[in-house]
Amino acid sequence: MTDVVATPVPAGAAVPLTHGGPPGAAGPAQPFQIVPLAGLPIVAVALAGVVVAIAFNKLWGIDFFHVVAGALWTGIDLFLGFIIGPIMGRMSIPARVEFSKRLMPKMLLLMPTLVICTLAAGWQLARHEGNLLASSPNHGWVVASMVVVGVMAIVAIGLLEPANLAVLFELKKPVPNGHLIGKLMRRFIYTAGVTGAMQVATLVIMTRLASS
Amino acid sequence: MSSPEFSAGPDLVNRKLPPVAEIAVLSMALVIAGGIFMAAHLPAHPPLGLAEVLLVLAVVVVVTNVVLLARLRDFAWGSFFLVAKWSLLAYLVIAGMLEFIFVFDGTRGQILFVMSCMLAVFAVNVPMLLAFSVARYQPVP
C-alpha cells in the first residue's frame with residue numbers, strides 16, 4: 001500500500017508552509033482533519049456490505065467486493081507509487097505539503113477499507129471455489145498471494161502508515177518541522193519499490209487464478 | 001528571503017527512545033507469518049506447533065514493548081492515547097471481521113483459539129505502533 005511517494009524535504013531546511021503572500025509573511029496553516037469524518041459512513045457501508053455478502057455466501061456478492069476493492073487497491077497503489085509520487089517529487093515544497101494535507105487523510109480511510117474488503121471477500125471466494133483445499137491445483141497460487149499480502153501488510157502497516165500519521169500530526173502543528181517531515185517521507189521512497197513489486201506479483205497471481 | 005514557517009529544530013527528531021516501533025514490526029511479522037502458516041492449511045487441521053511457537057514469541061515481544069513503553073517518563077502520553085484509542089477501535093473492527101469469517105467458515109476449537117489470539121495480538125500491536133510513532137514527535141507537556 002504505497003500511500004504517497006515524495007522526495008524528501010532537505011534535512012534541516014526552513015521551508016515556507018504557505019505561498020502566494022509576501023516573503024516572510026507567515027500565514028496560519030489551514031486546518032484539516034487527520035481522519036475525514038465525512039468518510040466514515042462510507043467506510044461503514046462498505047464494511048457492512050462485505051459482511052452481508054459473506055453472510056449470504058453468494059458468489060456474485062463475494063466476487064464483486066473482491067474484484068472491485070482489489071482492483072482499486074492495486075490500481076491506486078501503482079498509480080500513487082509510480083505516477084503521483086514522482087510528480088509530487090517535482091512539485092514545490094509548499095505545493096507538496098498542500099497536496100499531502102488533502103490526499104493523506106483520505107488515504108488513511110480509503111486504503112485500509114479497500115484492503116480489508118479485498119482480503120475478507122478474497123478468502124471467502126477462495127473457499128467458495130475450493131482453492132483453499134490442498135488438493136486444488138490453485139492452492140499454491142492462493143498461498144503465494146497470502147505471502148505477498150503478508151509482506152505488503154508489514155510494509156504498509158509497519159512502515160508507511162505510522163509515517164503517514166506522524167507527518168499529518170506534524171503538519172497540524174503551527175510550526176511544522178521540515179527536517180522531521182523530510183525524514184519520514186523518505187520511507188515512502190524506500191518502500192515504493194517493494195510495494196510496487198508486490199502489486200505486480202498480485203496481478204500475476206490473480207490473473208493466473210482467474211484464468212484457471 | 002526568509003519565511004521560516006517550518007522549524008528546523010531537531011530536538012524531537014533525534015531524542016533517544018527505546019526501539020518500540022521496530023519491536024512492534026517484529027511482533028506483527030511473527031503473527032502474520034503464523035496466520036499465513038495456519039491459513040495455508042485450512043480448512044484441514046493445520047499443525048499447531050509452529051503457529052503456537054510464533055504466537056508465544058509474538059506475545060513475549062508485545063509484552064516487552066509494553067514494559068519498554070511503561071518505563072518512558074518524558075513522553076507525550078496524551079497524543080499516544082489519543083491515537084491509540086481510535087486506531088484500536090479501527091483495528092478491532094478489522095480483526096473482528098476476520099474473526100467473523102473464520103467462525104462463519106466453521107473454524108472451531110484450538111485452531112480458532114490460536115487464530116483469535118493472533119488477531120488479538122495484531123489488534124493491540126498495531127495501535128501501539130501507530131500511537132508511539134505519532135507521540136514520539138510530539139512535544140512533552
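The coordinates are above.
All values derive from a computational prediction rather than experimental measurement. (Residues numbered from 1 in each chain as written. Chains lettered and ligands numbered in written order. Predicted model: local features only at pLDDT ≥ 70, side-chain atom pairs only at ≥ 80, totals over all residues. Heavy atoms only, no water.)

Colleague: Would you mind going over the overall build of chain A in detail, with residue names and values included?
Modeller: Within chain A one finds five helices and zero strands. Taken from N to C terminus, the helices and strands of chain A fall in the order α-α-α-α-α. Burial statistics for chain A: of 212 residues in total, 52% are counted as buried. Expressed as a percentage of contacts within chain A between residues at least 6 apart in sequence, the contacts between residues at least 24 apart total 82%. Of the roughly 9,300 Å² of accessible surface on chain A, a fraction of 75% belongs to carbon and sulfur atoms. (Helix = DSSP H or I, 4+ residues; strand = E, 2+ residues; numbered from the N terminus. Buried < 20%, exposed > 50% of the residue type's maximum accessible area, 1.4 Å probe, protein only. Contact = heavy atoms within 4.5 Å. Areas by Shrake-Rupley, 256 points an atom, 1.4 Å probe, with all protein chains shown as cover.)

Colleague: Residue-level account of the overall build of chain B, with values.
Modeller: Across its full length, chain B carries five helices and zero strands. Written out in order from the N terminus, the α and β elements of chain B read α-α-α-α-α. Its C-alpha atoms give chain B a radius of gyration of 19 Å, clearly above 14 Å, the size a compact globule of 141 residues would have. Judged by the C-alpha coordinates and their principal axes, chain B covers about 65 × 25 × 25 Å. By the burial criterion, 50% of the 141 residues in chain B qualify as buried. Within the structure as shown, chain B displays about 6,600 Å² of accessible surface, and the carbon and sulfur contribution to it stands at 73%. (Rg over C-alpha atoms; globule rule 2.2 N^0.38 Å.)

Colleague: Describe the pattern of salt bridges, naming the residues involved and giving the relevant values.
Modeller: All names here are of chain A. A complete count under the given rule lists four salt bridges over all chains for this structure. The residue Glu98 makes a salt bridge to Lys101 at a minimum N-O spacing of 3.5 Å. Taken together, the residues Glu98 and Lys101, both in helix α3 (residues 93-128) and three residues apart, mark about one turn of the helix. The exposure class of Glu98 is buried, given its relative accessible area of 18%. Among the ionic pairs, Glu98 bridges to Arg102, the shortest N-O distance being 2.8 Å. Of the two residues, Glu98 and Arg102 both sit in helix α3, four residues apart, roughly one turn of that helix. A network of salt bridges, in which partner residues are shared, links Glu98, Lys101 and Arg102. (Salt bridge = Lys/Arg side-chain N within 4 Å of Asp/Glu carboxyl O.)

Colleague: How would you sum up the nonpolar core? Please name residues and give values.
Modeller: In terms of nonpolar packing, the biggest core is built from 108 residues, with Trp123(A), Leu165(A), Met38(B), Leu69(B), Phe75(B), Phe80(B) and Phe132(B) touching the most fellow members. Excluding residues within four positions of it along the chain, Phe75(B) makes contact with Arg15(B), Leu17(B), Leu69(B), Phe80(B), Phe132(B), Ala135(B), Arg136(B), Val140(B) and Pro141(B). (Core = buried A, V, L, I, M, F, W, Y, C linked by side-chain atoms within 4.5 Å.)

Colleague: Hey, could you go over the packing of aromatic side chains for me, with residue numbers and the actual values?
Modeller: Residues and elements named next belong to chain B. Using the criterion set out here, one finds eleven aromatic pairs over all chains in the structure. Judged by centre distance (5.2 Å) and plane angle (90°), the ring pair of Phe80 and Phe81 falls under edge-to-face. On the basis of relative accessibility, which here comes to 7%, the residue Phe80 falls in the buried class. The interplanar angle of 35° and the centroid separation of 5.6 Å between the aromatic rings of Phe100 and Phe104 together place this pair among those described as tilted. One end of the pair, Phe100, and the other, Phe104, are both in helix α4 (residues 77-104), four residues apart, so they sit about a helical turn from each other. (Phe/Tyr/Trp six-rings, centres within 6.5 Å; stacked < 30°, edge-to-face > 60°.)

Colleague: Got a sec to walk through the packing of helix α2 (residues 59-89) of chain A against helix α5 (residues 178-210) of chain A? Specific residues and values, please.
Modeller: All names here are of chain A. Orientation of α2 relative to α5, taken along the N-to-C sense of each, is 145°, at an axis distance of 10 Å. For the element pair α2 and α5, the recorded crossing hand is left-handed. Each of His66, Trp73, Thr74, Asp77, Leu78 and Phe82 in α2 lies in contact with α5, whose residues at this interface are Ala192, Gly196, Gln199, Thr202, Leu203 and Met206. Classifying every residue of the contact of α2 with α5 by side-chain character gives six nonpolar, five polar and one charged. (Axes fitted to C-alpha atoms, helices over the stretch in contact; angles between N-to-C directions. Left-handed = near helix turned anticlockwise from the far one by under 90°. Nonpolar A, V, L, I, M, F, W, Y, C, P; charged D, E, K, R; others polar.)

Colleague: Residues and numbers for the packing of helix α4 (residues 139-172) of chain A against helix α2 (residues 20-39) of chain B, please.
Modeller: In the contact formed by α4(A) and α2(B), the axes pass within 10 Å of each other and the chain directions differ by 160°. When the interaxial angle is binned, α4(A) and α2(B) end up roughly antiparallel. For the crossing formed where α4(A) meets α2(B), the hand is right-handed. When α4(A) is examined against α2(B), the residues Met146(A), Val147(A), Gly150(A), Ala153(A), Ile154(A), Ile157(A) and Gly158(A) are found in contact with a partner set consisting of Val25(B), Met28(B), Ala29(B), Ile32(B), Ile36(B) and Ala39(B). (Parallel < 35°, antiparallel > 145°, perpendicular 65-115°, else oblique.)

Colleague: Please give an account of α4(A) that cites residues and values.
Modeller: Residue and element names in this part refer to chain A. Taking 1.5 Å per residue as the helical rise, α4 with its 34 residues ought to reach 50 Å, and the 47 Å between its terminal C-alpha atoms agrees with that figure. Along its length, α4 shows its largest kink, about 35°, at Leu160, and proline Pro162 lies within four residues downstream of that point. Buried residues dominate α4, accounting for 25 of its 34 residues. (Expected span 1.5 Å × (residues − 1). Bend = angle between axes of the 7 residues up to and from the residue.)

Colleague: Quick rundown of unusual backbone geometry? Include the residues and the values.
Modeller: Omega for the peptide link from Leu42(B) to Pro43(B) comes to 5°, which places this bond in the cis form. Its place among the elements puts Pro43(B) in the loop between α2 and α3 (48-70). Backbone geometry at Asn57(A) places phi at a positive 55°, although glycine is not the residue there. Turning to its location among the elements, Asn57(A) is positioned in the loop between α1 (40-56) and α2.

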